[in-house]
Amino acid sequence: MIQTKRPRFSRHVFVSAALLGVVTLLPSAHAEAPPLEVTAKLVEIPSKMPPDDLYDYAYVMRYQVQGGPLDKQLILVAHYKPLQPRSKIKDKMKERVGGKLRSFSQGDVHKLKLSSELKSIWKGALVDEYSATDRKSVRYWCLQADPA
C-alpha cells in the first residue's frame, strides 16, 4: 500500500478560509451617491395631488434644469407630501426632506438638492403619472427644495 502525505492544515488556516468565504457572500456596502444640486423650473404638475391625510406618498413632477451640466434637460423629481411646506414636515421623513419652499406652482423656479437613490430612501406610495409613458428616466428624490 502506497501512502501519500496529505498536507496538514492548521485550524487557524481553515477558520480563516471559512471566514473569508462568509465575508465574500455578504452584500457589499453601497455608498450613497453625493446629492445633485440644480436650479430648475417646475414645468409640469401632471394632475391634482392627493390629500395628505389619506396616506404618506411621494409625488413626481417634471422640471427643466437651468444652467450647469444638465442645462435644459427635463428631469423627474419625487417630492414627499408636496401639499405641506417643506419646513412643516416633522414625521419620519424629516431627515430626508427639507428646505424653505412653501408650495409647488407650475412655472416657479426652485433650487433643488436631489438624490438618485429614490428606491432606497422612499419605500411608500409613489404617485408617478409618467410611469406609463417613461419607464427609463431617473426619478430623483428631492432632499431639499428652496425658492430660487
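All values reported here derive from a predicted model rather than from experimental measurement.

> Explanation requested: the pattern of salt bridges in the structure shown.
Where charged atoms of side chains with opposite charge meet at close range, the side chains can pair. In the structure shown here, the tally under the stated rule is 6 salt bridges. Between aspartate 56 and lysine 81 there is a salt bridge, and its shortest N-O distance comes to 2.9 Å. Note that aspartate 56 is positioned in the loop between strand S1 (36-44) and strand S2 (57-65) and lysine 81 in the loop between strand S3 (74-80) and strand S4 (109-115), a separation of 25 residues in sequence. Taking the relative accessible area as the measure of exposure, aspartate 56 reaches 28% and is therefore partly exposed.

> For this particular structure, what's the right way to read the pairing of strand S6 (residues 139-147)?
Within S6, 7 of the 9 residues are buried, which leaves it mostly tucked inside the rest of the structure. Pairing geometry for S3 and S6, over 3 bridges, is parallel. Bridge pairing in S6 places valine 77 opposite tyrosine 140.

> What am I meant to see in a positive patch on the surface here?
A surface patch of positive charge is lined by Lys88, Lys90, Lys94 and Arg102. Positionally, lysine 88 belongs in the loop between S3 and S4.

> What is the right way to read the nonpolar core from this model?
One recurring pattern in soluble globular proteins: nonpolar side chains tend to sit buried together. Core analysis: the biggest nonpolar cluster contains 21 residues, and Val38, Met61, Tyr63, Ile75, Val77, Leu112 and Leu114 have the highest contact counts within it. Contributions of two or more residues to this core are made by S1, S2, S3, S4 and S6. Ranked by the residues each element gives to this core, the list is headed by S2, at 5 residues. In this structure leucine 112 touches Leu36, Glu37, Val38, Ala40, Tyr63, Val77, His79, Cys142, Gln144 and Ala145, once residues within four positions along its chain are discounted.

> So what exactly am I meant to see when it comes to the environment of tyrosine 55 here?
Following the sequence through the fold, tyrosine 55 ends up in the loop between S1 and S2. With 69 residues separating them along the chain, tyrosine 55 and glycine 124 place their C-alpha atoms 9.2 Å apart. Look past the residues within four positions of tyrosine 55 in its chain and what remains in contact with it is Pro50, Ala125 and Val127.

> Please clarify how the environment of glutamine 144 should be interpreted in this entry.
Looking at where glutamine 144 falls in the secondary structure, it is placed in strand S6. Separated by 65 residues in sequence, glutamine 144 and histidine 79 place their C-alpha atoms 9.2 Å apart. Excluding its chain neighbours within four sequence positions, the residues that come into contact with glutamine 144 are Gly98, Gly99, Lys111, Leu112 and Lys113. Separated by 2.7 Å, the side chains of glutamine 144 and aspartate 146 make a polar contact.

Cut-off values and rules
- Residues numbered from 1 in each chain as written.
- Predicted model: local features only at pLDDT ≥ 70, side-chain atom pairs only at ≥ 80, totals over all residues.
- Heavy atoms only, no water.
- Salt bridge = Lys/Arg side-chain N within 4 Å of Asp/Glu carboxyl O.
- Helix = DSSP H or I, 4+ residues; strand = E, 2+ residues; numbered from the N terminus.
- Buried < 20%, exposed > 50% of the residue type's maximum accessible area, 1.4 Å probe, protein only.
- Pairing = 2+ DSSP bridges.
- Patch = residues over 30% accessible without salt bridge, like charges linked within 9 Å, V, L, I, M, F, W, Y side chains within 5 Å.
- Areas by Shrake-Rupley, 256 points an atom, 1.4 Å probe, with all protein chains shown as cover.
- Lys, Arg positive; Asp, Glu negative; His and termini not counted.
- Charge placed at Lys NZ, Arg CZ, Asp CG, Glu CD.
- Core = buried A, V, L, I, M, F, W, Y, C linked by side-chain atoms within 4.5 Å.
- Contact = heavy atoms within 4.5 Å.
- Polar contact = N/O pair within 3.5 Å; in protein donor to acceptor, adjacent residues only side chain to side chain.

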